[in-house]
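Coordinates in review
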Amino acid sequence: MKKIFNILLCCVAVAFVASCSDDNDNPYAHTSSVKVTKSEVFFEAVASDGGVIEYDANGDVSVTSSADWCKAQLNGKTINVSVDQNDTRYSRAAVVTLHCNGDSATVSVVQKGITFRVSTEKVVVSTNEATTASCTVESNVALEVASKPDWVTISFADGELKVNFDANNSGSFRTGMVKLRSENFTDSIMVGQYDFETDVKGTYKLTYYRDAEHTTTRTLNATVKDNTILLSGMNLNVPYTFDESTMSIVLTSGDYVGKASSNYIYLIFADALAEYWTEFYQGATLGAKLEKDADGNVEAVFNSSYSGIDYSTIMLAKFAANSFAADYYNGVYQVMYSPVLTRTVAK
């Protein structure tokens, strides 16, 4: 038995030695004649010739690129890689291949797409004095101004877009659009300049139709104060807020505006025919954007949209108690169809 065990042990030893010998003398083992030792080939979207690939080789080397926008050129033991500008928002990749004595080594070249983002849709200043405001902008290619109002100048520095406003001596608020271009991509921001005391507050006319057929109009003097609009003839004070991002006077449903006889008057909004209305919901808004007509005078049309319905009617609703609740609803005091605020600007 011991002899058999020794014979088996010898066989295993011989097999192990044979295995090692096979590994050392493997006719299929091969060392490539070209090897990449360093690569710096990640590019921004702009055109660049700063890519570098370094290599070791036993023999002459040639190089190819898989994409027309990526060029590779031998320069001693270095390959210089250049890329054209990427005019899309999407990253792209190419493969540079080194060839030597039938062997090859590959390197992936990656180029980012265009990044272009502006942090805001508007830059508005609440002064008519010359001033500067800014917002952040991100772009990995050169930015240019495609168009702008003549009363602002635009500059770019350290990730900021600076808007320099000239003094506003026009006698009224002003707004315009700045169009930015980043290669094939464009974006726009609204710029605005106003003074609340002189350009928003003041005396207006409130004109509206008294019927849904638009046959009869009525015009009231409306004095826009700090946060209310006084309607002369009705002695009602309508609360409002001013949204400078849209240059709009904004009313809110459910707001109390005053008394008429023994009734308490609250705001309700309705569509053009007063068929759909906000009922007793508090918080719906109706805005009137301040805009200029061809003569430079101010016009602000009240309208809003909710759930596919356009609201353009103000209902002054009566309530038996000072509470905006259905239990106290007492009918309509006045319906204002298609109300418009207008103001003549002194030349």
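Just so it is clear, the structure is predicted and the values come from calculations on it, not from any experiment. (Residues numbered from 1 in each chain as written. Predicted model: local features only at pLDDT ≥ 70, side-chain atom pairs only at ≥ 80, totals over all residues. Heavy atoms only, no water.)

1. Considering the overall build of the protein chain
Secondary structure summary: the protein chain contains two helices and 29 strands in total. Dimensions of the protein chain along its principal axes, counting C-alpha atoms only, are 125 × 65 × 35 Å. Residues classed as buried in the protein chain amount to 38% of the 347 residues present. Partitioning the contacts of the protein chain with sequence separation of at least 6, the portion at a separation of at least 24 is 58%. If you sum the accessible surface of the protein chain, you get close to 19,100 Å²; carbon and sulfur atoms cover 48% of it. Of the charged side chains in the protein chain, 27 are positive and 41 negative; the average position of the first set lies 4 Å away from that of the second. (Helix = DSSP H or I, 4+ residues; strand = E, 2+ residues; numbered from the N terminus. Buried < 20%, exposed > 50% of the residue type's maximum accessible area, 1.4 Å probe, protein only. Contact = heavy atoms within 4.5 Å. Areas by Shrake-Rupley, 256 points an atom, 1.4 Å probe, with all protein chains shown as cover. Lys, Arg positive; Asp, Glu negative; His and termini not counted. Charge placed at Lys NZ, Arg CZ, Asp CG, Glu CD.)

2. With respect to the pattern of salt bridges
Taken as a whole and assessed by the stated rule, the structure comprises seven salt bridges. Of the charged contacts, one joins Glu 44 and Lys 112 as a salt bridge, the two residues approaching to 3.4 Å between their closest N and O atoms. Note that Glu 44 is positioned in the loop between strand 2 (42-43) and strand 3 (48-57) and Lys 112 in the loop between strand 8 (103-111) and strand 9 (116-118), a separation of 68 residues in sequence. Residues Arg 117 and Glu 138 are paired through a salt bridge, measuring 2.8 Å at the closest nitrogen-oxygen approach. Note that Arg 117 is positioned in strand 9 and Glu 138 in strand 11 (residues 131-139), a separation of 21 residues in sequence. Note on Glu 138: relative accessible area 39%, which makes it partly exposed. Several salt bridges share partner residues, and in doing so they unite Glu 197, Lys 201 and Asp 226 into one network. (Salt bridge = Lys/Arg side-chain N within 4 Å of Asp/Glu carboxyl O.)

3. A word on the pairing of strand 16 (residues 185-193)
As paired strands, strand 10 (residues 122-125) and strand 16 are joined by four bridges and run parallel to one another. Note on strand 16: the bridge partner recorded for Val 125 is Gln 193. Strand direction decides the pairing type here: strand 15 (residues 174-182) and strand 16, joined by nine bridges, are antiparallel. Bridging from a neighbouring strand, Ser 182 pairs with Phe 185 of strand 16. Between the end of strand 15 and the start of strand 16, which pair antiparallel, lie two residues, with Glu 183 showing a positive phi angle near 55 degrees. (Pairing = 2+ DSSP bridges.)

4. Side note on a negative patch on the surface
The grouping of Glu 291, Asp 293, Asp 295 and Glu 299 at the surface amounts to a negative patch. Along the chain, Glu 299 turns up in strand 27 (residues 298-306). (Patch = residues over 30% accessible without salt bridge, like charges linked within 9 Å, V, L, I, M, F, W, Y side chains within 5 Å.)

5. Brief notes about the sheet that holds strand 11
Spatially, 9-11-14-13 is the arrangement adopted by the four strands of the open sheet, whose pairing is antiparallel. A single partner strand is all that each edge strand has here, and the edge strands are strand 9 and strand 13 (152-157). The sheet shows a mean angle of 25 degrees between the axes of neighbouring strands, direction not considered. Note: strand 9 against strand 11, three bridges, orientation antiparallel. Its bridge partner being in strand 11, Phe 116 is matched across the sheet by Ser 139. (Axes fitted to C-alpha atoms, helices over the stretch in contact; angles between N-to-C directions.)

6. Here's the deal with the environment of Ser 126
Counting through the fold element by element, Ser 126 comes out in the loop between strand 10 and strand 11. Residues Ser 126 and Glu 160, spaced 34 residues apart in sequence, show a C-alpha to C-alpha distance of 20 Å.

7. Regarding the sheet that holds strand 10
Reading across the sheet, the four strands line up as 10-16-15-12 and stay open at both edges, with mixed pairing between neighbours. Since the sheet does not close on itself, it has two edges, and those belong to strand 10 and strand 12 (144-147), each with one partner. Shown here is a sheet whose adjacent strand axes are inclined to one another by a mean of 30 degrees, direction ignored.

8. Here we look at the environment of Ser 245
With respect to the helices, strands and loops of the structure, Ser 245 is situated in the loop between strand 21 (241-243) and strand 22 (248-252). Residue class for Ser 245 comes out partly exposed when judged on its relative accessible area of 24%. Excluding residues within four positions of it along the chain, Ser 245 makes contact with Lys 122 and Met 190. At 2.6 Å, the side chain of Ser 245 forms a polar contact with the side chain of Asp 243. (Polar contact = N/O pair within 3.5 Å; in protein donor to acceptor, adjacent residues only side chain to side chain.)

9. Quick word on the confidence of the model for the protein chain
Taken as a whole, the protein chain shows an average pLDDT of 89; of its residues, 91% reach a score of 70 or greater. Per-residue pLDDT stays below 50 along residues 1-23; that stretch engages in zero contacts with residues further than four places along the chain or on separate chains. (pLDDT = per-residue confidence, 0-100.)

10. Observations regarding the packing of aromatic side chains
Counted under the stated rule, the structure contains 15 aromatic pairs. Between the aromatic rings of Tyr 256 and Tyr 264, the centroid separation amounts to 6.2 Å while the plane-to-plane angle is 45 degrees, which identifies the pairing as tilted. Here the aromatic rings of Phe 280 and Phe 319 are separated by 6.1 Å at their centres, their planes lie at 80 degrees, and the arrangement is edge-to-face. With Phe 280 in the loop between strand 24 (263-271) and strand 25 (285-289) and Phe 319 in strand 28 (residues 309-319), this pair connects stretches of sequence that are 39 residues apart. A relative accessible area of 0% means that Phe 319 is categorised as buried. Feature note: the residues Tyr 256, Tyr 264, Tyr 266, Trp 277, Phe 280, Phe 319, Phe 324 and Tyr 329 constitute an aromatic cluster, connected by ring pairs. (Phe/Tyr/Trp six-rings, centres within 6.5 Å; stacked < 30°, edge-to-face > 60°.)

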